[in-house]
Amino acid sequence: METCPASAPFFGFMGVTSALVFANIGAAYGTAKSGVGISSMGVMNPGLVMRNIIPVVMAGVLGIYGLIVAVIIQGSITEPSGGMAVYSLYSGFAHLAAGLCCGLSGLAAGMAIGIVGDAGVRAVGQQEKLFVGMILILIFAEALGLYGLIVALILSQNSYECSNNN
């Protein structure tokens, strides 16, 4: 089996795409779902709108995680040198795994933040003592995305460079 085919960079670029797209889908869902809850709660208690904007900020951070991983992976993808491929399948698969790890973790975290944010801000609008509990749940949901970022950063450092076009 050839270790450095011309198609190997495809997997690396799919890792870049996966990290950014899935993390941004999670961020968008979390922002939209929490935003609906904030809007609904703001009608009844407008003084709490700025205090309850935290789920939207936390969802937005997930998109930044995807951007960080996408930029790191993209910087590791090397173009062919002298007509010979130097980017290996090993590197491509590692970068695909890193992108999927970050992106899908961000998607899951965004869904959790959106659902908790929507219900949480509505509940805080009726009973302000629930604010700390909502924040703690949101922190644990955000941690899911952070775990994906950490593992993706570790995976993105795995590489093998072909020297003689195996």
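Residues numbered from 1 in each chain as written. Predicted model: local features only at pLDDT ≥ 70, side-chain atom pairs only at ≥ 80, totals over all residues. Heavy atoms only, no water.

### A look at the overall build of the protein chain
What the protein chain contains, in helices and strands, is 4 helices and 0 strands. Its helices and strands taken in sequence order, the protein chain reads α-α-α-α from the N to the C terminus. Over its C-alpha atoms, taken along the principal directions, the protein chain stretches across nearly 70 × 20 × 20 Å. Sorting the 166 residues of the protein chain into buried and exposed places 42% on the buried side. Excluding contacts between residues fewer than 6 apart, the proportion of contacts in the protein chain whose partners are at least 24 apart in sequence is 86%. (Helix = DSSP H or I, 4+ residues; strand = E, 2+ residues; numbered from the N terminus. Buried < 20%, exposed > 50% of the residue type's maximum accessible area, 1.4 Å probe, protein only. Contact = heavy atoms within 4.5 Å.)

### A look at the state of the cysteines
Under the definition given, this model contains 1 disulfide. The disulfide partner of cysteine 4 is cysteine 162, and the S-S distance across this bridge is 1.1 Å. Remark: cysteine 162 occurs in the segment after α4 (131–156) and cysteine 4 occurs in the segment before α1 (8–44); sequence separation between them is 158 residues. Exposure remark for cysteine 162: the relative accessible area of 3% places this residue in the buried category. (Disulfide = S-S within 2.5 Å.)

### Some details on the UniProt feature "domain: V-ATPase proteolipid subunit C-like" (unreviewed entry) in the protein chain
The UniProt entry lists residues 14–73 and 96–155 under the feature "domain: V-ATPase proteolipid subunit C-like" (unreviewed entry), expressed in the numbering used here. As annotated, residues 14–73 has a helix share of 85% and a strand share of 0%, and its two end C-alpha atoms lie 10 Å apart. Between the end C-alpha atoms of residues 96–155 there is a gap of 9 Å, over a span that is 93% helix and 0% strand. (UniProt positions renumbered as here; feature names shortened; annotations may be inferred.)

### Here's the deal with the packing of aromatic side chains
Counting across every chain of the model gives 2 aromatic pairs. Ring geometry for phenylalanine 10 against phenylalanine 11: centres 5.4 Å apart, planes inclined by 75 degrees, an arrangement best described as edge-to-face. Taking relative accessible area as the criterion, phenylalanine 11 reaches 24% and is therefore assigned partly exposed. Consider the rings of phenylalanine 11 and phenylalanine 93, whose centres lie 4.8 Å apart with planes at 70 degrees: the pair is edge-to-face. (Phe/Tyr/Trp six-rings, centres within 6.5 Å; stacked < 30°, edge-to-face > 60°.)

### So, the environment of valine 56
Structurally, the position occupied by valine 56 is in helix α2 (residues 54–76). Taking the C-alpha atoms as reference points, valine 56 and alanine 32, 24 residues apart in sequence, are found 8.0 Å from one another. If we ignore the near neighbours within four places in the chain, the residues touching valine 56 are Thr31, Ser34, Gly35 and Ile38.

### Observations regarding the environment of glycine 26
Tracing the chain through its elements places glycine 26 in helix α1. A relative accessible area of 0% places glycine 26 in the buried class. With 79 residues separating them in the primary sequence, glycine 26 and serine 105 have C-alpha atoms 8.7 Å apart. With sequence-adjacent residues up to four places away left out, glycine 26 is seen in contact with Gly106, Leu107 and Gly110.

### Observations regarding the packing of helix α3 (residues 89–126) against α4
Where α3 meets α4, the closest approach of the two axes is 8 Å, and the angle between their N-to-C directions is 175 degrees. One element, α3, and the other, α4, form an angle in the roughly antiparallel class. (Axes fitted to C-alpha atoms, helices over the stretch in contact; angles between N-to-C directions. Parallel < 35°, antiparallel > 145°, perpendicular 65-115°, else oblique.)

### Focus on the environment of valine 21
Structurally, valine 21 can be placed in helix α1. By relative accessible area, which is 40% here, valine 21 ends up partly exposed. The spacing of valine 21 and leucine 104 is 83 residues in sequence and 9.3 Å in space, taken between C-alpha atoms.

### Details of the nonpolar core
Core analysis: the biggest nonpolar cluster contains 30 residues, and Leu62, Val69, Ile73, Ile113, Met134 and Leu138 have the highest contact counts within it. The set of elements that each furnish at least two residues to this core consists of α1, α2, α3 and α4. Once residues lying within four places of it in the same chain are set aside, the contact partners of methionine 134 are Asn52, Val116, Gly120, Val121 and Val124. (Core = buried A, V, L, I, M, F, W, Y, C linked by side-chain atoms within 4.5 Å.)

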